[in-house]
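# A structural walkthrough
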Amino acid sequence: MLSSPYVTAQNSVSLIMLKVAFALLPAIVIYAWLYGPAIIISLCIATVTALVMEALAMTLRQRSVQTALWDGSALITAWLFALSIPSIAPWWLTVTGLFFAIIVAKHLYGGLGNNVFNPAMVGYAVLIVSFPVPMTHWAAPLSLAGEPLGWSAAAHYIFSNHLPDGWTLDAITSATPLDTLRTQLKLHHTVAKIEQLPIFGHLGGRANEMVVGAYLLGGLYLLKERIITWHIPVALLGSLALISGVFWLINPSEYASPWFHIATGGSLLGAFFIATDPVTAATTPRGKLIYAAGIGLLIYLIRMFGAYPDGVAFGVLLMNIAVPLIDAWTQPPPYGHKEVRA
Amino acid sequence: MNETSDKQKISTGQYSNAPNQSVFQGVLYTFHGGVHPEEHKKASSGRPIMPVFIPTEIIVSVQQHIGEAGRPCVAVGDHVDTGQIIAQADGYMSVAAHAPTSGTVTAIAPHPVPHPSGLPGLCIHIQPDGKNTWMARTPTDYHNTHPSTLRNLLRDMGVAGLGGAVFPTFIKLNPGKIKKVPTLLLNGGECEPWITCDDAIMREHAEGILQGAAVMRHLLQSNRVLVGIEDNKPEAIAAMSAATSQVDFPVEIVSIPTLYPSGGAKQMIKIITGKEVPSGGRSTDVGVAIFNVGTSLAVHRAINHGEPLISRVVTVTGNVGLPHNREVLIGTPINELLALAGGHPEPVTGSLMGGPMMGFELADTAAPVVKATNCILVKSGRLFPAPPPAMECIRCTRCADACPADLQPQELYWFSKSKHFDKAQQYSLFDCIECGCCSYVCPSHIPLVNYYRYAKSEISTLKSAERAANLARERFESRTARLERDQRERAERLAQKSAIKPTPDTDAAATIQAALARTQAQADEPKV
Ligand code: SF4
Ligand code: SF4
C-alpha cells in the first residue's frame with residue numbers, strides 16, 4: 001500500500017521534455033529559413049534514429065519501451081545532437097553519433113537518470129575525434145552560398161554523399177565564424193580585420209547570430225516555465241564573458257570580444273539547453289554555479305588553445321566527471337543545521 | 001525578547017481592550033520550498049460544527065498519544081461516568097484516557113486502531129447507556145495552583161497535542177531549567193488540503209482557544225503570545241482577532257501566506273521568528289513553545305471547565321455527500337461517523353486519516369476516532385487518481401527546490417534505494433519531516449517519502465539490533481569475567497589450602513602453578 005502523499009502536481013518528465021522541444025522550435029525555424037531545409041532533414045533522421053535505438057535498448061534491457069519513448073528524453077538528445085553537428089552531415093554520421101549517444105552514453109550507463117555524461121555531447125565528441133572532416137562541412141548561410149541548398153539537393157547530399165552535377169562542396173559550405181577566426185589569427189590578421197569578412201555579422205556569425213538569438217529566446221522560456229534555473233546559464237555565460245573579457249582587454253587585436261564568444265558557436269545552445277541537462281549537471285545551487293562556470297572557462301580555453309573548433313562538448317563532458325564531487329562539496333545545510341555548519 | 005514581568009504587566013494594562021492589540025507588528029520570514037496543492041477546503045468549511053452524537057459503541061485506544069500507552073484502570077462490567085479515567089498515565093511520557101460517555105465496559109481487548117501499520121491495538125470497549133451522566137467537573141483556578149499540580153492535572157485530563165503528533169501537552173508546558181519560554185505560538189496554520197477542523201474551532205471557539213493560551217502562557221511565563229493562521233482562513237483570522245479583546249494579555253494574530261507546509265511546527269516558527277529549531281533540538285531552544293489551536297482549546301476545557309479531553313472536532317470530507325466538521329467523541333467508530341456524512345457520490349477507493357499530503361490509509365474503518373484524528377478523507381478514483389507509474393529520477397531537483405527541510409531528496413532517494421543508509425543519515429535523512437512536498441512535485445512520480453520511511457525504519461531496526469547485540473555482548477562479557485573470577489578465586493583457595501599442608505614450598509608452588517594452568521586452559525576454551 002502506498003503511503004502519503006496521495007496527490008501529485010500536474011507534471012511529468014514527458015511534459016518537461018516537450019517544453020524543451022518547444023523551446024527549440026524558434027531556433028529550428030530560423031535555422032531552416034536562413035540555411036535551407038537541410039536541418040529539417042537532419043532533425044528527422046536524428047529523431048527516427050534515436051527513437052529506434054531507444055526502443056532497441058529498452059527491449060534488450062527488458063524494460064517498457066513505451067514509457068521510454070514517451071518520456072521524450074531520446075527526442076531531446078536527438079535534437080540537441082542534430083543542432084550541434086553540421087546540418088548536411090551524411091546520414092551515417094548522424095546514426096553513428098547517436099549510437100554512441102543513446103546506446104553507449106545513456107543505456108550502457110543504466111539508462112535515463114543514471115548516465116554520467118551528456119549523451120548528445122558524447123555523440124558529438126566521438127564524431128569530432130573520429131570523423132573530423134565531414135564535421136567541418138557546415139552549410140553556408142543561404143545569403144552567402146553559391147548554390148541554393150534546397151530540399152532535394154540537401155536530401156541527395158545527406159543520403160548519398162553526392163552533390164548534384166556541377167555543384168561543389170565549397171559552393172554550399174563555409175567555415176564557421178569560430179574556425180575562420182582561428183585560421184585567420186594564425187595568418188596574423190587582427191580580430192578587427194577578420195570580423196570584416198562576410199561570414200561575420202553584427203555580434204557573431206552572419207545568420208548564425210539570428211539562430212543564437214532564438215536559442216536565447218527559448219532559454220528564457222525555459223526559465224519562465226521553471227524547467228531550468230538561472231544558475232547554469234548565468235554562470236556559464238558569465239565565466240565565458242569574464243575570461244574572454246580579460247584576454248580581450250589585454251589585447252583586443254588578437255582576442256575576440258566577450259560578446260563574440262557568447263554569440264558564436266554553441267555558447268547559448270550549451271548554456272540553456274545542453275549544460276542544463278538535469279541528469280548530468282550538478283544539482284545543488286552552488287554546485288550548479290561551479291559546474292557551469294567551469295564549462296564556460298573550458299569552452300574558452302578549448303576555443304583559444306585547444307585542437308577543436310568549439311569547446312562546448314568537451315567542456316560539458318569534462319565537468320560531467322566532476323559533478324559527483326561538486327555535489328558532495330556543495331550540499332546546502334538542511335533546516336536546523338545552519339548555525340552548526342555556517 | 002527580554003521583557004521582564006514588569007513590562008508584561010504594563011503591556012497587559014496597555015493592551016487590554018485596545019482596538020489594535022491583535023495587529024502583528026513584526027516581519028514575516030519564509031522557509032525554503034513548499035508547494036501549493038489544491039486546497040479543497042471550501043468543501044467542509046462552509047457549515048458550522050455539527051453536534052456530538054453518541055455512537056452505538058465506544059472503543060477507546062489506550063495508545064492515544066506519543067509515548068507509553070495508558071494502563072487500563074477499569075474492569076469489564078464496570079459502569080463508567082462521562083469523563084471518568086479509564087486508563088491511567090503510565091510512565092512519564094503518557095497521559096490518561098477517559099470514558100467519553102457514560103456506560104458499561106464490555107471488553108478490554110485488541111481492536112483495529114487508526115495507525116499507519118494497520119495493526120490492532122488494545123482498546124477499552126464501552127457500551128454507552130445513552131444518559132451521558134458526567135462525573136463531577138471542577139474548574140481549577142490556575143493562578144493559585146502550583147505549576148506542577150497544573151501539569152499533572154493536564155496529564156490526568158488526557159490533554160495531548162491535537163495537531164497530529166499527539167505529544168503529551170503537560171511535558172511541553174514544563175519550561176524546566178530555563179524557567180520561562182518567551183514566546184508562546186499557537187499554530188492555526190492548518191496547511192493540509194481538505195482539512196478545516198482548526199479553521200472551524202477558530203471561528204467558533206476563538207475565545208476558548210485564547211483562554212487556553214492564558215493557562216499555557218501562565219505555565220511557560222511567556223511574555224509574547226502569537227497565533228499564526230494561513231491567509232486562506234479570513235473568517236478564522238477575524239474571529240481570533242475579535243477574541244483578543246476578551247483576554248487581558250496581548251495576543252498577536254499573524255496572517256501568514258498560504259504555502260504548504262507552513263503549519264509544520266518548524267516552518268511556522270521560521271516564518272514568524274526567522275529562527276530555525278536546531279536539528280535534534282526542541283522549539284524551546286529558540287525560545288518558542290508551539291501548540292496547535294485545538295490543544296489550547298482542550299487545555300481551556302480541562303482547566304476552566306474541569307472537562308477531560310473526550311471529544312475533538314473532526315473534518316469528514318472528500319467523497320462524501322455532506323462534507324462537514326463535527327464534534328466527535330474519542331472512541332467513536334469511524335464507520336459510524338461516516339454514516340452521517342450523506343453517503344458517497346462516487347465509488348469509494350479507501351479512506352485516509354489526515355490529509356492527502358501526510359495522512360495514511362485506514363486499513364479498517366471500524367477503527368475508532370483517536371485524539372490524533374483531525375480528518376477522515378474518503379477517496380474516490382476521480383479525486384485521488386492512482387499515480388502514474390514511477391520512472392527513473394532525472395535529477396531535476398524539483399524535489400530539492402520544494403523541500404521545506406532544505407534537504408536533497410534526490411540524493412536521499414538514491415541512498416535509500418541503494419541501501420546506503422550511512423550516507424542517507426549523513427545527508428540528514430532524519431531531518432526529513434515526511435511532508436510529501438518532494439513526492440508531490442516529482443515529475444517522475446517517484447514515491448520518495450515511501451523510500452524515506454523505509455530507510456528510517458530499516459535504520460531504526462538496525463540500530464535496535466545493534467543495541468541488542470551490544471547488550472548481549474556486554475552480558476556475555478560480564479558473565480565470562482564472572483566465571484574467570486570464580487575460577488581464579490577457586491584456584492587461589494585451592495592453593496591456599498595446599499599451602500597450609502605441611503609440604504615443602506616447592507610443592508605448594510607447583511600446586512598453585514597447576515591450578516592456575518587448569519584455570520587458564522578452561523579460560524582458553526572456545527567461547528560459545
Ligand atoms: S523531483 Fe523526482 S526526478 Fe526530479 S530530482 Fe527529485 S526525485 Fe529526481
Ligand atoms: S518529505 Fe522529507 S525530503 Fe521530502 S520534501 Fe518533505 S522534508 Fe523534504
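Refer to the structure presented above.
Residues numbered from 1 in each chain as written. Chains lettered and ligands numbered in written order. Predicted model: local features only at pLDDT ≥ 70, side-chain atom pairs only at ≥ 80, totals over all residues. Heavy atoms only, no water.

Each helix and strand in chain B was counted, giving 16 helices and 16 strands. Per-residue burial over chain B gives 52% buried out of 528 residues. Counting only contacts in chain B whose residues sit at least 6 apart along the sequence, the fraction spanning at least 24 positions is 74%. Put simply, chain B shows about 23,000 Å² of open surface, and 55% of that area lies on carbon and sulfur atoms. (Helix = DSSP H or I, 4+ residues; strand = E, 2+ residues; numbered from the N terminus. Buried < 20%, exposed > 50% of the residue type's maximum accessible area, 1.4 Å probe, protein only. Contact = heavy atoms within 4.5 Å. Areas by Shrake-Rupley, 256 points an atom, 1.4 Å probe, with all protein chains shown as cover.)

Turning to the interface of chain B and chain A, a few remarks are in order. Listed by partner, the interface residues are 50 residues for chain B and 39 residues for chain A. Approximately 3,700 Å² of surface area, both sides summed, lies buried where chain B meets chain A, with 55% of it carried by carbon and sulfur atoms. The largest share of the area that chain B buries against chain A comes from Glu-276, Ile-394 and Arg-395 of chain B, three residues that together contribute 18% of it. Counting across the interface, chain B meets chain A through one salt bridge. Residue Arg-395 of chain B pairs with Asp-327 of chain A through a salt bridge whose shortest N-O separation is 3.1 Å. (Buried area = accessible area lost by both parts, 1.4 Å probe. Salt bridge = Lys/Arg side-chain N within 4 Å of Asp/Glu carboxyl O.)

Residues and elements named next belong to chain B. Taken together, 13 residues lie near ligand 2, and Cys-403, Cys-432, Cys-435, Gly-436 and Cys-438 sit nearest. Of all the secondary-structure elements, those providing two or more residues to the shell around ligand 2 are helix 14 (437-441) and helix 15 (448-500). Its residues assigned to classes, the shell around ligand 2 shows 11 nonpolar, one polar and one charged. (Near = heavy atom within 4 Å. Nonpolar A, V, L, I, M, F, W, Y, C, P; charged D, E, K, R; others polar.)

Turning to the environment of Val-159 of chain B, a few remarks are in order. Residue and element names in this part refer to chain B. Structurally, Val-159 can be placed in the loop between helix 3 (147-156) and helix 4 (169-172). On the basis of relative accessible area, Val-159 is assigned to the buried category, the value being 0%. Taking the C-alpha atoms as reference points, Val-159 and Leu-309, separated by 150 residues in sequence, lie 5.8 Å from one another. Setting aside residues no more than four positions away along its own chain, Val-159 makes contact with Val-95, Leu-154, Pro-168, Thr-169, Thr-295, Ala-298, Val-299, Ala-302 and Leu-309.

This paragraph deals with empty space enclosed by the protein. Regions of empty space are outlined by a rolling probe, equal in size to a water molecule, passed over the atoms. For the coordinates displayed, the defined rule picks out five cavities of 30 Å³ or more. Counted as a void, the largest cavity has a volume near 560 Å³. Taken together, 36 residues line the largest cavity, and the ones lying closest to its centre are Trp-138, Thr-176, Asn-208, Gly-265 and Gly-266 of chain A. Put simply, the parts of the chain that give the lining of the largest cavity at least two residues each are helix 1 (13-35), helix 4 (73-84), helix 6 (119-130), helix 9 (177-186), helix 11 (208-224), helix 14 (267-274) and helix 16 (312-329) of chain A. Per element, the largest residue contribution to the lining of the largest cavity is four residues, and it comes from helix 11 of chain A. Classifying every residue of the lining of the largest cavity by side-chain character gives 23 nonpolar, 10 polar and three charged. Of the voids in this model, the second largest cavity is the one considered here, and its volume is about 90 Å³. Taken together, 13 residues line the second largest cavity, and the ones lying closest to its centre are Cys-393, Cys-396, Cys-399, Cys-442 and Ile-446 of chain B. Taken together, the residues that form the lining of the second largest cavity break down as nine nonpolar, three polar and one charged. (1 Å grid on protein atoms, 1.4 Å probe; cavity = no way out; pocket = protein on both sides within 12 Å on 5 of 7 lines; lining within 4 Å. Points joined across faces, edges and corners; volume = space filled by probe spheres on them.)

For the coordinates displayed, the defined rule picks out zero disulfides over all chains. In this structure Cys-197 of chain B is a free cysteine whose sulfur lies 7.2 Å from that of Cys-375 of chain B, the closest cysteine sulfur available. (Disulfide = S-S within 2.5 Å.)

Counting residues in each nonpolar core, the largest one holds 89 residues, and the members touching the most others are Leu-24, Tyr-215, Phe-273 and Tyr-291 of chain A. No other element matches helix 1 of chain A, which puts 13 residues into this core. With near-sequence residues (within four places) excluded, Tyr-291 of chain A lies in contact with Ile-232, Ala-275, Thr-280, Ala-281, Ala-282, Val-316, Met-319, Asn-320, Val-323 and Ile-326 of chain A. One finds Met-157, Ile-171, Ala-213 and Val-215 of chain B within the second-largest nonpolar core, a separate group that totals 88 residues. (Core = buried A, V, L, I, M, F, W, Y, C linked by side-chain atoms within 4.5 Å.)

Residues and elements named next belong to chain B. In the region of ligand 1, the neighbouring residues are Cys-393, Ile-394, Arg-395, Cys-396, Thr-397, Cys-399, Gln-410, Cys-442, Pro-443, Ser-444 and Leu-448. In this structure the site holding ligand 1 corresponds to the second largest cavity. Residues that form the shell around ligand 1 fall into these classes: seven nonpolar, three polar and one charged. (Sits in = over half its atoms within 2 Å of the grid points.)

Residues and elements named next belong to chain B. Ordered by their spatial adjacency, five strands build an open sheet running 13-12-16-14-15, and the pairing between neighbours is mixed. In the strand order of this sheet, the two ends are held by strand 13 (324-329) and strand 15 (360-361), each with one partner. The sheet contact formed by strand 14 (residues 348-353) and strand 15 spans two bridges and is antiparallel. Bridge pairing in strand 15 links Met-353 to Phe-360. Contacting strand 12 (311-318) and strand 13, helix 5 (residues 197-204) runs over the sheet at an angle of about 125° to strand 12. (Pairing = 2+ DSSP bridges. Axes fitted to C-alpha atoms, helices over the stretch in contact; angles between N-to-C directions.)

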